[in-house]
Amino acid sequence: MTAVQQAPTVWDGLVGQRAAIKALRAAASGHGMSHAWLFTGPPGSGRSNAAMAFAAALQCDRAPAEPGCGQCHACRTVLGGTHADVKRISTSGLSLGVRLVRDLVRSASLSPVGQRWQVIVVEDADRLTEQAVNALLKAIEEPAERTVWMLCAPTVEDVLPTVRSRCRLVTLSTPSPRDVAGFLVARDGVPEALAASAARASQGHIGRARALARDPETRKRRNEVVAMPAKLTSLGACMRCAARIAEVSKEEAEALTGDLDAREKVDLDAAYGVVERGRRPREYAPALAELLKEQKTRAKRRHLDVVDRALMDLVSVYRDAVALASGATGELVNEEIRADIEWLVETSSPELNLQRIGWIFEAREQMLEFNVPPALALESMMVSLRAPDGAGR
Ligand SMILES: [Zn+2]
C-alpha cells in the first residue's frame, strides 16, 4: 500500500494490458490516431472496457497532456454511459442487424455535439450480419472527419478482411493470475487469499474472476463442477453429473436473461402505445413476434455460454493432472482440490487425461457447431470421462 492513494485513471481498469494502454494513450495524445480501431482479445480480457477507456481518453478534458484522467466530467460521463458523443452498441441485447448499423452510420456522418470526437463502440463486431458489415464498411472507408469507430471481436479472423484492413489493431492478452488478483484486491477489496484463488480459477477472465470473488453462489457452482472428475467412477455417476450441469446452467442462464426479457417487452409495449386490454396497432404483432424470436435465440446462446464455461472448468482439472504428472511445481489452477488431482494422476496416464480434454472439446463442438442438445452431448462426454475400472475411491 502506498501512503498516498492516486486517483484511479480510466486505464486502471485494464488489467495486465500495459502494451495496449501505451499505444492507446499515445493515440489519445495525438500520436498514431486512426478513424477505425479493432480491439481483439480472448473473452474476459476486457475488449470493450479498453475501447471505452480509449473513448474516455479521447474526450478527456486533460487530453492531450494526460488523456484518460478518470476524474474530469468527460471521463466520468463516458464511463457512465451518458456522454453525448460516445455510443456503445452491444449484442447482449439483440443481434446486430443492418437497420441498427444504418442508423449508426447516419449519425456517424454528423459532427460531434462537443468539440472533440464522435465515438461509436461496437462490442460484438463478430456478430454483425453480412448486410450490416457492408453498411459499416462504407462508413469506415469514408470516415467523417471527427468520427472514430471502435470494433471489438475475439480475434481478427472474426472480422471480414475488408473491415480489418481499414482498422488499427489493438491486441489484448490474457492477463496473468497475479495481475487479476491484484486488481480484485485493489478494486473490490477482496481478501488476498480469495483473490488469488478466484484469479487462478478464472484463467484470465476478469468478469469471471470478479463473480467468483464476490458471489459465493458462483463459487459453489464452480466447486461442484471441478469436483466431478473424481466422482465419475460409475455409469450412474456420469449420468447424474451430466444432468446436473445441464440443469444448473439452464437455471443460471435464465436468471441472466429473465429480467432483460421482461424489460424489453415493457419497452416494446410502450413504444407501440399498448395498454392492457387496449387496441393494438397493426405493426405490434410482427414486432412482438420478432422480439420473442430474438429473445429465444439469446436465451439459447446464454445457456450454451454457461455450459461452455463449465466445460472449460472441467478441462482445467484434467490440465492440472497433466501438469502435475509432468512434474510441474507451480500452483495448480485448482489448487483447492489438489487431492483429487493427485488421484487423477495415480489412476490415469497423462495420455488418457489429454484424450479426455479432447473429448470435452468434442462435446463443445457438437453443441456449438452441430446444435446437439446440451443434455445429450454432456451425457456421452461424461461417460467417456469415466475413470478406468478399479480406480474407485
Ligand atoms: Zn479526464
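Calculation notes
- Residues numbered from 1 in each chain as written.
- Predicted model: local features only at pLDDT ≥ 70, side-chain atom pairs only at ≥ 80, totals over all residues.
- Heavy atoms only, no water.
- Helix = DSSP H or I, 4+ residues; strand = E, 2+ residues; numbered from the N terminus.
- Rg over C-alpha atoms; globule rule 2.2 N^0.38 Å.
- Buried < 20%, exposed > 50% of the residue type's maximum accessible area, 1.4 Å probe, protein only.
- Contact = heavy atoms within 4.5 Å.
- Areas by Shrake-Rupley, 256 points an atom, 1.4 Å probe, with all protein chains shown as cover.
- Phe/Tyr/Trp six-rings, centres within 6.5 Å; stacked < 30°, edge-to-face > 60°.
- Polar contact = N/O pair within 3.5 Å; in protein donor to acceptor, adjacent residues only side chain to side chain.
- Donors = N, O, S within 2.8 Å, 3.2 Å for Na, K, Ca; no water.
- Tetrahedral: all angles 85-135°; square planar, octahedral: opposite > 155°, others 65-115°.
- Arc of directions from axis to C-beta.
- Pairing = 2+ DSSP bridges.
- Axes fitted to C-alpha atoms, helices over the stretch in contact; angles between N-to-C directions.
- Salt bridge = Lys/Arg side-chain N within 4 Å of Asp/Glu carboxyl O.

Caption draft 1: Examining the overall build of the protein chain more closely. Looking only at helices and strands, one finds 15 helices and five strands in the protein chain. For a compact globule of 393 residues, the expected C-alpha radius of gyration is about 21 Å, and the protein chain comes in at 24 Å, within 12% of that figure. Over its C-alpha atoms, taken along the principal directions, the protein chain stretches across nearly 70 × 65 × 40 Å. When the 393 residues of the protein chain are sorted by exposure, 45% land in the buried category. In the protein chain, the share of contacts with a sequence separation of at least 24, taken over all contacts with a separation of at least 6, comes to 72%. For the protein chain, the accessible area works out to roughly 20,500 Å², and carbon and sulfur atoms hold 53% of it.

Caption draft 2: Representation of the packing of aromatic side chains. One pass over the full model with this rule turns up three aromatic pairs. Note on Trp37 and Phe54: the rings are 4.8 Å apart at their centroids and 70° apart in plane angle, and the pair reads as edge-to-face. Taken together, the residues span a long stretch of sequence, with Trp37 in strand β1 (residues 36-40) and Phe54 in helix α2 (residues 47-59) at a distance of 17 residues. For the pair Phe39 and Phe54, a centre-to-centre distance of 6.5 Å together with 55° between the ring planes defines the contact as tilted. Taken together, the positions of Phe39 in strand β1 and Phe54 in helix α2 put the pair 15 residues apart, joining distant regions of the chain. Assigned by exposure class, Phe39 and Phe54 land together as buried. By the ring-pair criterion, three or more aromatic residues cluster together here, those being Trp37, Phe39 and Phe54.

Caption draft 3: Focus on the environment of Gln118. Within the secondary structure, Gln118 is located in strand β3 (residues 118-122). Residue class for Gln118 comes out buried when judged on its relative accessible area of 5%. Linking Gln118 and Lys87, residues 31 residues apart in sequence, is a C-alpha distance of 8.2 Å. Discounting chain neighbours no more than four positions away, the residues touching Gln118 are Asp85, Lys87, Ser107, Ala108, Leu110, Pro112, Arg146, Thr147 and Val148. One polar contact links the side chain of Gln118 to the main-chain carbonyl oxygen of Leu110, over a distance of 3.2 Å.

Caption draft 4: Structural context of the coordination of the zinc ion. The protein atoms that coordinate the zinc ion are Cys60 (SG), Cys69 (SG), Cys72 (SG) and Cys75 (SG), at distances spanning 2.2 to 2.4 Å. Between the four donor atoms coordinating the zinc ion, the angles at the centre fall across 106 to 117°, so the site counts as tetrahedral. Between consecutive donor residues of the zinc ion, the sequence gaps follow C-x8-C-x2-C-x2-C. What makes Cys69 buried here is its relative accessible area of 4%. Cys75 gets classed as buried once you look at its relative accessible area, which sits at 0%.

Caption draft 5: Representation of helix α13 (residues 338-347) within the structure. Residues of α13 that are buried: Asp340, Ile341, Trp343 and Leu344. The arc that holds the buried residues of α13, viewed along the axis, is 155°, so those residues lie on one side. Structural note: α13 exposes Ala339 and Glu346 on the side pointing more than 90 degrees away from its buried face. Buried residues in α13 make contact with α12 (284-325) and α14 (350-368).

Caption draft 6: Here's a closer look at the sheet that holds strand β5 (residues 168-171). The strand order across the open sheet formed by five strands is β2-β3-β4-β1-β5, and the pairing between neighbours is parallel. The open sheet is flanked by β2 (86-89) and β5, the only strands paired with a single partner. Neighbouring strand axes in the sheet, compared pairwise and without regard to direction, differ in orientation by 15° on average. Where β3 lies against strand β4 (residues 147-153), five bridges are found, and the strand directions are parallel. The residue of β4 that forms the bridge with Gln118 is Thr147. Contacts from helix α5 (residues 130-141) reach β1 and β4, with the element oriented near 135° to β4.

Caption draft 7: Region of interest: the pattern of salt bridges. Scanning the model with the defined rule gives 21 salt bridges in all. A salt bridge links Glu264 to Arg298, with the shortest nitrogen-to-oxygen separation between them at 2.9 Å. Taken together, the positions of Glu264 in helix α11 (residues 235-271) and Arg298 in helix α12 put the pair 34 residues apart, joining distant regions of the chain. Arg298 carries the same exposure label as Glu264, and that label is buried. Each of Asp188, Arg210 and Arg214 takes part in salt bridges that share partners, so that together they form one network.

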